[in-house]
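Chain by chain, the residues run as shown.
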Amino acid sequence: MIITIDGTVGSGKSTAAAHLARRLGAAHLDTGAMYRALTLKALRDGLDLDDPGALTEMAASTTVCLEGEPGSQHVRLDGVDVTEAVRENRISTHSHYVARTPGVRVVLVERQRAFADRAGDVVAEGRDQGTVVFPDADVKFFLDADPAVRARRRQRELEERGRIRSWRNVLAEIFERDRRDTSRPVSPLVAAADAVHVDTSTLTIEQMVDALAAEVGRRRGEKA
């Protein structure tokens, strides 16, 4: 099965995807990590982030691998482990340049589909998994939550990495990310017409995963 989880920043899609993949015994395709890895390389190489040709050429000649079990996955960039580096705040603030580049998306969409072909059962999470990458996915989810809740989650995540940010600043960043993600001309963040919407505002991680797993089980039963 191919299961897609798209959603807004801070909605819990990455955590939910990793836990769901582990519960189902499926592979976890963290597409955000792939874009972050390319952003890291672009910054390290001093590329012009407004040059789509340079970014596309870089993407085509770069190897990005996701290795390991869901929840403890490692990201390798040209063979080097960059799992921690791709979570740095400077990567988060610059990744939209790479994500909005059409040529980069063409390269990564092809690789994401190849990942699924090799993996068998897969839980793919990102912004365009159910709309662009896997439009015929067996189950599609779209996760969202109240912006204030998402800002709190993001703030706690940053604090766990030793970065203290005010809630108001994080909330402002959430709104800006939403604006960029939904308004970009290439693969904007939008729920697939046949996606199951899940509001995670009041859900624990376990409750989120239970809800997703129940729907997957129901779909499997229908297919059987």
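Residues numbered from 1 in each chain as written. Predicted model: local features only at pLDDT ≥ 70, side-chain atom pairs only at ≥ 80, totals over all residues. Heavy atoms only, no water.

S.K.: Requested: an account of the nonpolar core, with residues and values cited.
M.R.: Note that soluble globular proteins tend to have their nonpolar side chains buried in a common cluster. Counting 33 residues, the largest nonpolar core has Leu29, Leu38 and Val104 as the members making the most contacts within it. Listing elements by their share of this core, those giving two or more residues are helix 2 (31-44), helix 3 (52-60), strand 3 (64-67), strand 4 (74-77), helix 4 (89-99), helix 5 (102-119) and strand 6 (122-126). Among the elements that make up this core, the one with the highest residue count is helix 2 (seven residues). Leave out the neighbours within four places in its chain, and Leu38 touches Met58, Ala59, Thr62, Val64, Val98, Val104 and Leu108. (Core = buried A, V, L, I, M, F, W, Y, C linked by side-chain atoms within 4.5 Å. Buried < 20%, exposed > 50% of the residue type's maximum accessible area, 1.4 Å probe, protein only. Helix = DSSP H or I, 4+ residues; strand = E, 2+ residues; numbered from the N terminus. Contact = heavy atoms within 4.5 Å.)

S.K.: Would you mind going over unusual backbone geometry in detail, with residue names and values included?
M.R.: At Asp78, a residue that is not glycine, the phi angle is positive and equals roughly 50°. Position of Asp78 relative to the elements: it lies in the loop between strand 4 and strand 5 (80-81). The phi torsion at Ser187 lies on the positive side, around 50°, for a residue other than glycine. Structurally, Ser187 can be placed in the loop between helix 8 (167-183) and strand 8 (196-199).

S.K.: Outline helix 9 (residues 205-223), listing residues and values.
M.R.: The end-to-end C-alpha distance of helix 9, which contains 19 residues, comes to 27 Å, matching closely the 27 Å that a straight helix rising 1.5 Å per residue would cover. Here helix 9 has its buried residues at Met208, Val209, Leu212, Ala213, Glu215, Val216 and Arg219. Seen along its axis, helix 9 keeps its buried residues to an arc of 160°; they face one direction. More than 90 degrees from the buried face of helix 9, the exposed residues found are Glu206, Ala214 and Glu222. Residues of helix 9 that are buried make contact with strand 1 (2-7), helix 1 (13-24), strand 7 (139-144) and strand 8. (Expected span 1.5 Å × (residues − 1). Arc of directions from axis to C-beta.)

S.K.: Please provide a residue-by-residue account of the environment of His96, values included.
M.R.: Within the secondary structure, His96 sits in helix 4. Judged by its relative accessible area of 19%, His96 is buried. Separated by 85 residues in sequence, His96 and Asp181 place their C-alpha atoms 8.2 Å apart.

S.K.: How would you explain the pairing of strand 4 if you had to name every residue and give the values?
M.R.: Alternating residues of strand 4 divide into Val75 and Leu77, all buried, and His74 and Arg76, none buried. Here strand 3 pairs with strand 4 via four bridges, running antiparallel. For Cys65, the partnering residue across the bridge sits in strand 4 and is Arg76. The antiparallel pairing of strand 3 with strand 4 creates a hairpin that spans six residues between the two strands, and Gly68 there sits at a positive phi of about 100°. The pairing of strand 4 with strand 5 spans two bridges and is classified as antiparallel. The partner of Leu77 across the bridge, within strand 5, is Val80. Hairpin connection between strand 4 and strand 5: a loop of two residues separates the two successive antiparallel strands, and Asp78 in this loop has a positive phi of roughly 50°. (Pairing = 2+ DSSP bridges.)

In short, the description is geometric, and any link to function would need to be established separately.
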